[in-house]
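# Inside the fold
The lines below spell out each chain.
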Amino acid sequence: VICAALWPDPADERCPDLFRDIAKKQMLSWATEHLNVASQESAKRFIAIQKKPSRLDDQHELRAALLDFIADFANWDNSTVKEYLDTSRALTRAAHEALGGAPGTRPLVVDPFAGGGSIPLEALRVGADAFASDLNPVAVLLNVVVESLDLGGDTIKDYLTVAKRIGERLAVWDASIFAKFWSRTIRCGGPSCGVEIPLIRNGQISKRGEYAFEFKRSRTGRVEVEESPTSPKQKRPVLRVVSGVSASSESTCKNGSVTCPVCSFTHRQAEVARQALDTGFGHRLIAIGQRRGDAKTYRAPSANDERMEVAKTRQVRTKISDYLAVPINSKRPSPAARGMSAVTRYGYVEHNQLFSTRQLDLLETVRQSIEEEVASLNSPTAPAVHILLAITLDRLASFQNAFCRWAPKGEHPVPPFGKNGFPMIWDYVEASPFGDSAGSWDGAMEWVRRVLEHLAASRCRAGTVEQADSQTQMVPNDAADAWITDPPYYDSYPYADLSDFFYPILRASLSESKHAVSGLFAHPLTPKDQELVLQPTRTTTAGPKDHDAYRTGMTNAFTVGRAVTRPDGVAVIVFANKTTSGWEALLGSVCDAGWTVTASWPIDTERESRAAGQARLQSSVHLACRPREASDGSLRTDEVGDWRDLLAELPRRIHEWMPRLAHEGVVGADAIFACLGPALEIFSRYARVEKASGEAVTLKEYLVEVWAAVSREALSMIFEGADASGFEEDARLTAMWLWTLQTDVATQEEEVGDEGDEGTEGKSRPLTGYSLEYDAARKIAQGLGANLENLEHLVEVTGETATLLTAGARTKYLFGKEGATATRGRPKKKAQIALDLGEGLDALEEQSGVAVREITGRPGATVLDRLHQAMVLFGAGRGEAVRRFLVDEGVGRNPMFWRLAQALSALYPTGSEEKRWIDGVLARKKGLGL
Ligand SMILES: C[S@@+](CC[C@H](N)C(=O)[O-])C[C@H]1O[C@@H](n2cnc3c(N)ncnc32)[C@H](O)[C@@H]1O
Ligand SMILES: [Zn+2]
């Protein structure tokens, strides 16, 4: 993206010849000298160029060669390969000089929401200068390391020497032990029971060696009890570690409620929370992971093991615990984001409480060692080494806390951060801080080493890093050639809340040092008030952090961005959000700040979340923008667009764009949002858009038209060009709804913590209906000329969520019982559906064909209803009824029925019940002679 933003397009008539010449030379030498590092795909083109260099006189060939080069370079493995680095830097420089930059200078890329620093780092990699800022001190420190820390000289060497020494200084665990497994405990409230219940979510320890927890049972099947070796008289179930059993895993917790293995009494989530708040959880050591040769084995702890652990528990106030004595935000930031609030319901209200005493001891020991080692490091590298060690300690802390779970597949600890924030968990693992495992000091050091080596190979110079609110101008007017940034995604991530896990630990190491970075750590927690995120639960002196506050703040930031960008400069704004209001806020800010959107591309940017064991790429939309400015930098305000012209152009633009997106594999919600860019190209060209009456058109009004155009285009794609208007509104809505969700089934299956509202960790919640944000659903319906209010039997609305009911959940409605309960309350669970179905069908069979006639003759029965009826009959195994329905009743003679079936079959999620049913119906078509 940065290369494409900085280099002119040779096929653009305004491209300076000077750049074409140099680009041609570079690509020719690439074709002759560096072909060995090119990918197979692009090698073909370069070989052709080798044979006939004059091909590059063709501007389109030259463009294609540059794009091939960029595509290869974007492969992570090539990111530090000299040939790519040199060539890209030469091109960046050529572009800069050809576009009027002073010889020897470089273009400046500015990123005011720099986060982890990826954008400024890439700018430096391709030979630009970079200015990075962020509000958050954790982000700023990362940027300092990524862009500006001097890694030349002995920095990396000194870091490794000192870090190794610190590792050696740590007191040693039994070296063969790689992990200790703990469970939180509560006291059973069952009548005359009172045992100590170990809270175990998933009793499986290892998938490879098939280790699992198991309660010991007597011959009569009762769980045996014993006295706790650490608190005499306290009874508890006997828990063993067994091996060789396949997937038999015991658990005592489900969706936040806890069942006693001894008396079967179930404690609801609120009761568990109450006990935790009243007395705190107990902790029981439940297994020890011990290496035998190369093999990882697991055993139950002996009474002695347990007593030893308890003896080690003593709460002492240390420096690190002073810094960690800061509150955890107990408010859930927004419905889309949990932040760290989940744990506060169970009494974890201060950061210290996230760690066991032993872990705090460990972190303090390391902190002290860092302090001493750095003090005695007599070298100019000392400040840099200090920062790197502090970051290593922070990484260690992310693996050494009482919220790490164990991955039974890979057999390693997993840090607590999930997609939704920091979840509450019941059983946790304490990995050995020694040795080379993931949770160890050496493991953390190894990661830092790899980052440093990558950085050293990537940068040819340092960038500039500052802590700043993006609404404050930090760079002179017109200084930036490219303003490339990835601003906060509306309500999706509460960056500052989550960074508070890491901040106090860095602060404990660095705030008292004499380094320049110590100033970042003046406050006990990270700043939140100016953070540009939607957080309705937080109020600042300026008012609540609501939609308007986000929009205003973003407009300010984008206005500053336009001021610092040259009139002929370019901006790239990266954004991803699943809500229409998030997009409206962002696009409104872009327009209001005086930018014209000129292109938009969805690009997969997020790393697969391997930790959760699910492959998932997420794309974010990259909006390319230009300042709507005259060459003297003044805002152009005179262009007025005619509303009728816009309305005529919009569907054409969408019609060109959607098939292109589909061709690139972008479908569903991603495609809808990716259409907003081209739509905005039309709107944001103008300072003002007017109706014939002279009245100004708001962005909001325009977006209504955009949704409609997108919906119509999508529908005609779904029905492959056939006129979708022949279908009733319920069919159109269903098709469009499922199409929208295509890319999104994964996001419906939220990762949740142990106390999650529904579903289980690492597994997905079964699909009972298809949910969309209510506002998005309403807009889709509107765009299709459908009205959600009339479709109560198909769409259920609860709060902000609209759910498209599955065929199964509609059974009662479909089979003629008016006032059907299936349309109210939650979609039915499977068992219930089967029951309803049984009753309905028994009645149906009794009356034989008559019942079927009744169904089909019912007023209001639409093609979709009939299709759903056929699916339900098929799902219930009533093959004969399906035949009667399709043949005798003539339902199958309607071509619309089959066309809809075909379309929906392509849209139901693979593996879903509905997909199975609809394919079952389709499979009958031929056999029934239809
Ligand atoms: C989407 S993240 C950037 C991620 C980054 N591109 C990366 O690769 O790591 C957005 C960033 O905006 C920062 N931010 C939020 N409000 C801000 C403000 N008012 N001023 C400056 N930065 C802010 C957050 O701290 C966060 O780091
Ligand atoms: Zn009990």
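Below you will find a few notes about this structure.

About the criteria used
Position numbers for residues count from 1 along each chain, tracking the sequence in the order it is written. All chains are assigned letters beginning with A, and all ligands numbers beginning with 1, in the order in which they are written. Totals for whole chains, interfaces and linings use all residues, but because this is a predicted model, local features are given only for residues with pLDDT of at least 70 and pairs of side-chain atoms are given and counted only at 80 or more. Excluded from the side-chain calculations are hydrogens and water; all other atoms, namely the structure's heavy atoms, are used. Segments assigned H or I by DSSP are reported as helices when at least four residues long, segments assigned E as strands when at least two residues long, and all are numbered from the N terminus. Buried residues are those whose accessible area, probed at 1.4 Å on protein chains only, stays under 20% of the maximum for their type, while exposed residues exceed 50% and partly exposed ones sit between those limits. The contact definition used throughout considers only heavy atoms, calling two residues in contact when any of these lie within 4.5 Å. Methods summary: accessible areas were calculated by the Shrake-Rupley approach with a probe of 1.4 Å, and residue burial reflects only the protein chains presented. With a 1 Å grid laid over protein atoms only, a set of points is called a cavity when a 1.4 Å probe fits there but cannot get out and a pocket when it is open yet has protein on both sides within 12 Å along at least five of seven lines; lining residues have an atom within 4 Å of a point. Grid points are joined across faces, edges and corners, and a volume is the space filled by probe spheres set on the points. The near set for a molecule or strand comprises every residue that places at least one heavy atom within 4 Å of it. Think of a polar contact as two N or O atoms within 3.5 Å of one another; within protein, one of them needs to be a possible hydrogen donor and the other a possible acceptor, and neighboring residues in sequence only count if both atoms come from side chains. Under the convention adopted here, Pro, Cys and the residues Ala, Val, Leu, Ile, Met, Phe, Trp and Tyr are nonpolar, Asp, Glu, Lys and Arg are charged, and Gly plus all remaining residues are polar. Strand pairing is assigned whenever DSSP identifies at least 2 bridges connecting the two strands. To define axes, lines are fitted to C-alpha atoms, for helices over the stretch in contact only, and angles between the resulting N-to-C directions are given on a 0 to 180 degree scale. The criterion is simple. A nonpolar core is a set of buried Ala, Val, Leu, Ile, Met, Phe, Trp, Tyr and Cys residues joined through side-chain atoms within 4.5 Å.

### Let's talk about the overall build of the chain
Regarding its fold elements, the chain presents 31 helices and 29 strands. Across the 930 residues in the chain, those meeting the buried criterion constitute 56%. Across the chain, the fraction of contacts at a sequence separation of at least 24, relative to all contacts at a separation of at least 6, is 73%. Taken as a whole, the chain presents about 39300 Å² of accessible surface, with 50% of it coming from carbon and sulfur.

### Considering empty space enclosed by the protein
Taken as a whole, this structure holds three cavities of 30 Å³ or more when the rule is applied. When its volume is computed, the largest cavity comes out at roughly 110 Å³. Lining the largest cavity we find 15 residues, and of these Val-110, Pro-112, Thr-472, Met-474 and Val-560 sit closest to its centre. Broken down by secondary-structure element, the contributors of at least two residues to the lining of the largest cavity are strand S2 (129-134) and helix H17 (547-564). When residues in the lining of the largest cavity are grouped by element, the largest group, four residues, is from H17.

### Describing the site of ligand 1
In the vicinity of ligand 1 lie 20 residues, with Gly-116, Ser-118, Asp-134, Ser-470 and Asp-486 positioned nearest. A distance of 2.6 Å separates an oxygen atom of ligand 1 from a polar atom in the backbone of Gly-116. Counted by class, the shell around ligand 1 contains nine nonpolar, seven polar and four charged residues.

### A few points about the sheet that holds strand S9 (residues 239-243)
The pairing of strands in a sheet happens through backbone hydrogen bonds and is either parallel or antiparallel. Pairing is antiparallel across the open sheet formed by three strands, whose spatial order is S5-S6-S9. Lying at the two open borders of the sheet, with one neighbouring strand each, are strand S5 (204-206) and S9. Across the sheet, the mean angle separating the axes of adjacent strands is 35° when strand polarity is ignored. By the bridge criterion, five bridges tie strand S6 (residues 211-215) to S9 in an arrangement that is antiparallel. Across the sheet, residue Ala-212 finds its bridge partner in S9, namely Val-242.

### Description of the nonpolar core
Soluble globular proteins tend to bury their nonpolar side chains together. Counting 120 residues, the largest nonpolar core has Tyr-702, Trp-737 and Leu-904 as the members making the most contacts within it. The dominant element in this core, judged by the number of residues it contributes, is helix H20 (residues 668-684), at 11 residues.

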